[in-house]
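Notes for the structure review
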Amino acid sequence: MRKRRASKVISVGGVKIGGAGPIVVQSMTKTDTRDVKATVKQIHQLEECGCEIVRVAVPDMDAARAIVDIKKKASIPIIADIHFDYRLALAALKSGADGLRLNPGNISDPEHIAKVVRAAKEREVPIRIGVNAGSLPKPYKKKASVVERMVDAALSEVRLLESLDFDLIKVSLKAFDVPATVEAYDAIAKVIPYPLHLGITEAGLPWTGSIRSAVGLGILLYDGIGDTIRVSLTTADACQEVEAAYEILKSLKLREHGPTLVSCPSCGRSETDIVGLAQLVEKRLKGVEKTIKVAVMGCVVNGPGEAKDADVGIACGKGKGVIFRKGEKVRTVEEADFLEALMSEMERV
Ligand code: SF4
């Protein structure tokens, strides 16, 4: 794994992004921002599952104004997502937004951008230059590739903000195309010092979207690129994005967050219903905040090794299972007691 890219540290509503700090997990509400009650409810759900910064869509002035009331009840920073109309950005800042996301593809008038930058600077509010492959500005040169167009769009906006003496910048270059996204981030990471927000946009439904995001974000994070991430999924359950983001970070040992379940795929050697047991364990681990590794293994081939390596583990055999805690064999239990025995040992860790 490569050394983390050294990026400038910025603060979004008190949450530090960049430098050697933790890679921050973000999500976005799926509610109508004007519906304060529904939006706050969803933000509270996101807070509970570990979301650290949340973005809300600001399609009109009412949504921009609603941020005042949303902010009163949310305990994580709110980023206002602005497209087309710079006045919405000004209104969102006035409402107390902790960050702005501007899309260079649809707010292009330098005068308008300057007005927003001046207001953001006064309040020390960072701006994310959020380039999206689906809404790129006109290319600067004929036949430019999507990667070049994304990088050019971000760079020219970065230079504009810098010319206004503004450096509370974060950049994202999102596309559905994983290789294009990786190449774009890789290119921009070499030429700007600002923190990067990673994402694969419109990644799809939870299963395929999580895989696509894990591949793209995984490559970049392994290369030391990325300071904050969002997994964009087509789901009504906003927490799925947050859970997927943490699984990606946990897989690369970049963050710890709640339990990790290690379970074998089961095969002809297993003499117990390992799939059923793993599913039951996963269900019981939902909502557990403790950082703990739990192993559910189907036989003696890899079972004892993995179970010993976990904080708590079970290596199942025919009708019986051996429970391990912190590398030590603690007891042998009957099949009917597998789940409860594992759970009670977990309490002891
Ligand atoms: Fe098969 Fe045993 Fe490996 Fe599970 S641990 S996949 S049962 S060999």
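The notes below deal with the structure included here.

The rules behind each value
- Residues numbered from 1 in each chain as written.
- Predicted model: local features only at pLDDT ≥ 70, side-chain atom pairs only at ≥ 80, totals over all residues.
- Heavy atoms only, no water.
- Near = heavy atom within 4 Å.
- Nonpolar A, V, L, I, M, F, W, Y, C, P; charged D, E, K, R; others polar.
- Salt bridge = Lys/Arg side-chain N within 4 Å of Asp/Glu carboxyl O.
- Helix = DSSP H or I, 4+ residues; strand = E, 2+ residues; numbered from the N terminus.
- Buried < 20%, exposed > 50% of the residue type's maximum accessible area, 1.4 Å probe, protein only.

A few words on the site of the ligand. Taken together, the residues surrounding the ligand are Cys264, Pro265, Ser266, Cys267, Arg269, Ser270, Met297, Gly298, Cys299, Val301 and Asn302. Classifying every residue of the shell around the ligand gives six nonpolar, four polar and one charged.

For the rest of this paragraph, the subject is the pattern of salt bridges. For the structure on display, the rule yields 27 salt bridges. Ionic pairing is found between arginine 4 and aspartate 227, a salt bridge with its closest N-O pair at 3.0 Å. One end of the pair, arginine 4, is in the segment before strand 1 (10-12); the other, aspartate 227, is in the loop between helix 7 (206-222) and strand 10 (228-229), and 223 residues separate them in sequence. According to the relative accessible area criterion, arginine 4 is partly exposed, its value standing at 23%. Look at aspartate 227 and you get buried, because its relative accessible area is 1%. Lysine 250 is paired through a salt bridge with glutamate 247; the nearest N and O atoms lie 3.1 Å apart.

Not every positive phi belongs to a glycine, and glutamate 202 is a case in point at roughly 45°. Taking the relative accessible area as the measure of exposure, glutamate 202 reaches 52% and is therefore exposed. Of note in the backbone geometry, lysine 326 takes a positive phi value of approximately 50° without being a glycine. Relative to the helices and strands, lysine 326 resides in the loop between strand 14 (320-325) and strand 15 (328-334). For lysine 326, a relative accessible area of 53% puts it in the exposed group.

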